[in-house]
Amino acid sequence: MLKIGSLFFKSRLLLGTGKYPSFEIQKEAVVVSEAEILTFAVRRMNIFESSQPNFLEQLDTNQFKLLPNTAGAKTAEEAVRIAKLAKASGLCDMIKVEVIGCNRTLLPDPIETLKATEELVKEGFIVLPYTSDDVVLARKLQEAGCHAVMPGASPIGSGQGIINPVNLSFIIEQARVPVIVDAGIGSPADAALAMELGADGVLLNTAVSAAKDPVKMAKAMKLAIEAGRLGYEAGRMEKKRYAAASSPKEGMSIG
Amino acid sequence: MDVIVNGEWTQLPKNIGFVSELLKHFQIDNKVLVIEINGEILTSLEHQTTRISDKDKIEIVHFVGGG
């Protein structure tokens, strides 16, 4: 089970809800992914076209935990405001802190992320900051009381996979809160690797929504994350430089 | 009464006094949304009891797809 704050989850896949080809495909992808946590963004409503369909309205919100993000925030203050807006919906008390510090790479602003995390922990939120794969920052976020750290594998939406598995494993080794690899996952192999490194979960969006068949990819990600987790728990064999025969050397009927 | 809704000056009919009436006016009273008036965030329970005044700055936000 994945435990975040006081909440328990069977699934270790957290799914984003952006950029799907259609609501129908998205709904089906959510179902087959078996994800229990779905991320959302908070935006102004177009009140003059309010009849436009909204994905959240098509979901049974009792079946999922909503993880709103603070995307769009450039400062801690903006992130805290978005978090409070999200919480006032009465639908959630988890928040993904996302404070972007660079428009081109969408990498997070470490200082503002830490400030926002400190403030939101004080306010009683369940706080999951999206961070770079910085080992020291991950520790400081943990000391600030966050309920999970979410290091990026590579830039958001890039699908480059895990660029720095060494840093990621350092973060995982020292963590006392769950580590959820967030952003940059491109393929099931990337997700499985994150889990084999010992991550507690994976948050992804574009890897599913931009796949040729998002529903099939949602299933693939679910299985990859389960396989990676099992592999981690099983403990992989040690790597050797040379071959070691699997069949016995004795009793060969040759020579 | 003139108010700023999501950054746009908007004229409201005279019979609108409370936030709940504003939501009915825009036909969004059955939507999942959050209202902020002049920087104060409201819970849904406060929609019935919070008055709207001339020149108020009103933000109406909701959840959209995102990662």
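The written sequence of each chain sets the order in which its residues are numbered from 1. The order in which chains are written sets their letters, starting at A; the order in which ligands are written sets their numbers, starting at 1. Local features are withheld for residues below a pLDDT of 70 in this predicted model, meaning they are given only at 70 or higher, and side-chain atom pairs are given and counted only at 80 or more; totals for whole chains, interfaces and linings count all residues. To get the side-chain values, take all heavy atoms of the structure and skip hydrogens and water.

**Quick notes on the overall build of chain A**
- Elements are defined by DSSP. Helices are runs of H or I of four residues or more, strands are runs of E of two residues or more, and each kind is numbered from the N terminus. Of regular secondary structure, chain A possesses eight helices and 10 strands.
- Based on C-alpha atoms, the radius of gyration is set beside the globule rule, defined as 2.2 Å times the residue count to the power 0.38. A compact globule built from 255 residues would reach a C-alpha radius of gyration of about 18 Å, and chain A, at 20 Å, matches this within 12%.
- Projected onto its principal axes, the C-alpha coordinates of chain A cover approximately 85 × 40 × 35 Å.
- Three labels apply to residues, based on accessible area from a 1.4 Å probe with only protein chains included: buried if under 20% of the type maximum, exposed if over 50%, partly exposed otherwise in between. By residue count, 49% of the 255 residues in chain A fall in the buried class.
- Throughout, a residue-residue contact means that at least one pair of heavy atoms, one from each residue, lies within 4.5 Å. When contacts within chain A are restricted to residue pairs at least 6 apart in sequence, those whose partners lie at least 24 apart make up 65%.
- Counting every atom, chain A has about 12,800 Å² of accessible surface; 52% of that belongs to carbon and sulfur.
- Here the positive residues are Lys and Arg and the negative ones are Asp and Glu; neither His nor the chain ends is included. Every charge is mapped to an atom, namely NZ of Lys, CZ of Arg, CG of Asp or CD of Glu. With 29 positive and 29 negative side-chain charges, chain A shows a separation of 3 Å between the mean positions of the two kinds. Here the open area of atoms and residues is found with the Shrake-Rupley method and a 1.4 Å probe, where only the protein chains shown may cover a residue.

**Section: the pairing of strand β5 (residues 57-65) of chain B**
- Strand pairing follows a simple DSSP-based rule, namely that at least 2 bridges must link the two strands. As defined by bridge partners, strand β4 (residues 37-44) of chain A adjoins β5(B) across five bridges and the pair is classed as antiparallel. Directly across from A:Phe40, in β5(B), lies its bridge partner B:Gly65.
- As paired strands, strand β1 (residues 2-5) of chain B and β5(B) are joined by two bridges and run parallel to one another. Of the residues in β5(B), the one forming a bridge with B:Val5 is B:Ile58.
- For strand β3 (residues 34-37) of chain B and β5(B), the ladder comprises four bridges, and the chain directions are antiparallel. Paired with B:Val34 across the two strands is B:Val61, which belongs to β5(B).

**Description of the interface of chain A and chain B**
- Contacts between the two partners involve 32 residues from chain A, matched on the other side by 25 residues from chain B.
- By buried area we mean how much accessible surface two parts lose on assembly, using a 1.4 Å probe and totalling the loss over both. Area buried by chain A at its contact with chain B is led by A:Arg44, A:Met45 and A:Ile47, which between them contribute 29% of it.
- Salt-bridge detection follows one rule: a side-chain nitrogen of Lys or Arg within 4 Å of a carboxyl oxygen of Asp or Glu. For the pair chain A and chain B, the number of links is three salt bridges.
- With its nearest N and O atoms 2.8 Å apart, the salt bridge here joins B:Glu59 to A:Arg44.
- For the purposes of these results, a polar contact is taken to be a pair of N or O atoms within 3.5 Å, where, inside protein, one atom must be able to donate a hydrogen and its partner to accept one; residues adjacent in sequence count only when each atom of the pair is a side-chain atom. There are 15 residue pairs in polar contact (both at pLDDT 80 or more) connecting chain A and chain B.
- Put simply, the parts of the chain that give the side of chain A that touches chain B at least two residues each are β4 and α2 (76-87) of chain A.
- With six residues, β4(A) is the single largest residue contributor to the side of chain A that touches chain B.
- As a working rule, the residues Ala, Val, Leu, Ile, Met, Phe, Trp, Tyr, Cys and Pro are called nonpolar, Asp, Glu, Lys and Arg charged, and the rest polar, with Gly in that last group. Classifying every residue of the side of chain A that touches chain B gives 14 nonpolar, 11 polar and seven charged.

**Some details on helix α5 (residues 165-174) of chain A**
Residues and elements named next belong to chain A.
- Every buried residue of α5 is accounted for by Leu 168, Ser 169, Ile 171 and Ile 172. Taken down its axis, α5 places every buried residue within 155 degrees of arc, on the same side.
- Those residues of α5 that are buried are in contact with α4 (135-143), β8 (150-151) and β9 (180-182). Note that the arc is defined by the directions from the helix axis to the C-beta atoms.

Taken by themselves, the reported measurements are silent on function.
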